[in-house]
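In case you want the letters, here they are:
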Amino acid sequence: MRTILLLICSNVFMTIAWYGHLKQQQLPLWKAILISWGIAFFEYCLMVPANRWGFSNGFTGFQLKMTQEVITLVVFTAFAMLYLHEPFHWKYLVSFALLLGAVYFMFKK
């Protein structure tokens, strides 16, 4: 569970670093890059231990990556809807369901 919580927190920082500047078009690109790198530092401070602990507690590299991708989509969906004010379409649900199917098969023994 610690791995999952760290991955969630890491992805919050990642999403803000990668997409938070989109509504700040007046901000010069070089400043957006520096600010994003500063935010991404905290993402790495959480992602590296999450992956290390997950791997040492039985996750495979493939399982860690697939879990991280699903968490990324969930975090990004909330961010896109709440911060970017983008609509959510039914086709996103279908896409997410297919990814969850991939996660199911990834963890199937």
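Refer to the preceding data block for the structure.
What counts, and where the lines are drawn
- Residues numbered from 1 in each chain as written.
- Predicted model: local features only at pLDDT ≥ 70, side-chain atom pairs only at ≥ 80, totals over all residues.
- Heavy atoms only, no water.
- Salt bridge = Lys/Arg side-chain N within 4 Å of Asp/Glu carboxyl O.
- Helix = DSSP H or I, 4+ residues; strand = E, 2+ residues; numbered from the N terminus.
- Buried < 20%, exposed > 50% of the residue type's maximum accessible area, 1.4 Å probe, protein only.
- Core = buried A, V, L, I, M, F, W, Y, C linked by side-chain atoms within 4.5 Å.
- Contact = heavy atoms within 4.5 Å.
- Axes fitted to C-alpha atoms, helices over the stretch in contact; angles between N-to-C directions.
- Parallel < 35°, antiparallel > 145°, perpendicular 65-115°, else oblique.
- Left-handed = near helix turned anticlockwise from the far one by under 90°.
- Nonpolar A, V, L, I, M, F, W, Y, C, P; charged D, E, K, R; others polar.
- Phe/Tyr/Trp six-rings, centres within 6.5 Å; stacked < 30°, edge-to-face > 60°.
- Lys NZ or Arg CZ within 6 Å of the ring centre and 35° of its normal.

A. Molecular detail of the pattern of salt bridges. Enumeration over the complete set of coordinates arrives at 1 salt bridge. The salt bridge partner of Glu-69 is Lys-65, with a shortest N-O separation of 2.7 Å. Remark: Lys-65 and Glu-69 occur in helix 3 (residues 61–82); sequence separation between them is 4 residues, near one turn of the helix. With relative accessibility at 31%, the residue Glu-69 sits in the partly exposed group.

B. Expanded view of the nonpolar core. By size, the foremost hydrophobic cluster in this structure holds 7 residues: Leu-6, Leu-7, Leu-46, Met-47, Ala-50, Ile-71 and Val-75. For this core, the element with the most residues is helix 2 (residues 29–56), which contributes 3 residues. For Leu-7, the contacting residues outside a window of four places in its chain are Met-47, Ala-50, Asn-51, Thr-67, Gln-68 and Ile-71.

C. Inspection of the packing of helix 3 against helix 4 (residues 90–107) at higher detail. Packing of helix 3 against helix 4 brings their axes to within 10 Å, and their N-to-C directions diverge by 155 degrees. The angle between helix 3 and helix 4 falls in the class roughly antiparallel. In terms of crossing hand, the pair formed by helix 3 and helix 4 is left-handed. Of the residues in helix 4, those touching helix 3 at Phe-62, Gln-63, Met-66, Thr-67, Val-70, Leu-73 and Thr-77 are Phe-96, Leu-99, Leu-100, Ala-102, Val-103, Met-106 and Phe-107. Taken together, the residues of the contact of helix 3 with helix 4 sort by class into 11 nonpolar, 3 polar and no charged.

D. Seen up close, the environment of Ile-39. Structurally, Ile-39 is set in helix 2. The partly exposed category is assigned to Ile-39, whose relative accessible area is 22%. In this structure the C-alpha to C-alpha distance between Ile-39 and Thr-15, which are 24 residues apart in sequence, comes to 9.6 Å.

E. Focus on the packing of aromatic side chains. Per the stated rule, a full pass over the model turns up 10 aromatic pairs. Arranged with centres 5.1 Å apart and planes meeting at 75 degrees, the rings of Tyr-104 and Phe-105 form a pair that is edge-to-face. Through a chain of ring-to-ring contacts, the aromatic side chains of Trp-18, Tyr-19, Phe-76, Phe-79 and Tyr-83 assemble into a single cluster. It is Arg-2 that lies over the ring of Trp-53; its NZ or CZ is 3.9 Å from the centre.

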